[in-house]
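# Structural overview
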Amino acid sequence: MSLTDLKFNIDPNIKTPMWLQIRNELFDCLYKDVLKPGQLIPNEKTLVDLFSVSIGTVRKAIGALEKEGLLMRKQGLGTFVCQHDTQSFLFKFFHIVMNGSDVRQIPDVELVSFVTRKANKTETQLLNIPKENDKVFHIYNKLSFPNNVHSIDKIVIAAAKFPLLTEEMLVNRHNTIYNLFQNKFNVFITHTSERIKAALVEKKISQMLDIEMGTPILRIKRLGYSYHDEIVELRTSYVDTAEVEYTRDQYSLIGE
């Protein structure tokens, strides 16, 4: 079913502004996968006819979804459903650069381990793990710039949300892990929250980073959210800041 096959009832007589009603309807279509990653959405004239509103109202609704990083306008081509790629990863989700540098670069990623475990209490609560499938995947990745391993990422995701995920998929992917989540499992990371703290590196991570146990590092705990603020990823990054630093720029649109 396509977007133009659906019937929408935008009510001008309720308190919710019409542009916001349209934004919510389109958001629901993204959530239900009616609009798919990378898909060109209908042009403004089609949307005006579909929702029976003015072009200004349509533009405001589309603009809101652009600012949320869910749609992306491409000059001369139209507006597309956002798809996680290296550009969005660099500007929205990855904040490590070489000391004193403003140059963003994609890290080399090496899978260290991929194991299946029973979810603990915290994982069960945050990821809303079902009783009938209480397993989680623990993924450890080693991140580096050329000749410089700087971070270890521990990623925890629900097995029920990512059925049939394999080590081979993680090793052989040709894009970001969020791109894999989106295209293989229909899980779109819409936004994240992070808590950052200085810590002393423990034995397991020190071995992966090849630094002495007790060395000061940066620990970043991230929650990855999908539509409707559903938490779908728990990630802890352990960063050796000897040669890198954390930087975060303001942005409005993905890649802007």
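In case you missed it, the structure is sitting above this.
One structure accompanies this document, and this report is about it. (Residues numbered from 1 in each chain as written. Predicted model: local features only at pLDDT ≥ 70, side-chain atom pairs only at ≥ 80, totals over all residues. Heavy atoms only, no water.)

### Here we look at the packing of aromatic side chains
How we decide: Pairing of aromatic side chains requires ring centres within 6.5 Å, counting the rings of Phe and Tyr and the six-membered ring of Trp. Pairs whose planes differ by under 30 degrees are stacked, by over 60 edge-to-face, and all others tilted. Strands here are runs of E lasting at least two residues and helices are runs of H or I lasting at least four, both read from the DSSP assignment and numbered beginning at the N terminus. The buried label goes to any residue with under 20% of its type's maximum accessible area, the exposed label to any with over 50%, and the partly exposed label to all in between, with areas taken from a 1.4 Å probe on protein chains only.
Using the criterion set out here, one finds 10 aromatic pairs in the structure. Seen from their ring centres, F93 and Y178 are 5.0 Å apart, and the 85° between their planes marks the pair as edge-to-face. With F93 in helix 4 (residues 86-93) and Y178 in helix 7 (residues 177-185), the pair connects residues that are 85 residues apart, well separated along the chain. Ring geometry for Y178 and F181: centres 6.0 Å apart, planes at 35°, overall tilted. Of the two residues, Y178 and F181 are both situated in helix 7; the distance of 3 residues between them amounts to about one turn of the helix. Here Y178 falls in the buried class, since its relative accessible area comes to 2%. Residue F181 is classed as buried on the basis of its relative accessible area, which comes to 0%.

### Focus: the nonpolar core
As a reminder, the rule being used: Only buried Ala, Val, Leu, Ile, Met, Phe, Trp, Tyr and Cys residues count toward a nonpolar core, and they belong to the same one when joined by side-chain atoms within 4.5 Å. For this analysis, residues touch if any pair of their heavy atoms sits within 4.5 Å.
Grouped together as the largest cluster of nonpolar side chains are 28 residues, with contacts concentrated most on I139, I157, F162, L165 and L170. Those elements that provide at least two residues to this core are helix 4, strand 4 (108-118), strand 5 (135-145), strand 6 (148-158), helix 7, strand 8 (216-225) and strand 9 (231-239). In terms of residue count, helix 7 provides more of this core than any other element does, 5 residues in total. Filtering out sequence-adjacent residues up to four positions away, I157 remains in contact with L127, V136, F137, I139, F162, L165, F181, V232 and E233. The next biggest cluster of nonpolar side chains, apart from the first, holds 26 residues, and it includes F8, V58, I62 and Y227.

### Notes on the side chain of R104
Applicable threshold: Polar contact criterion, stated in full: a pair of N or O atoms within 3.5 Å, where within protein one must be able to donate a hydrogen and the other to accept it, and residues adjacent in sequence count only if both atoms are side-chain atoms.
Structurally, R104 is set in the loop between strand 3 (96-98) and strand 4. Taking the relative accessible area as the measure of exposure, R104 reaches 19% and is therefore buried. Reaching out from R104, the side chain makes a polar contact with the backbone oxygen of F94 at a distance of 2.9 Å.

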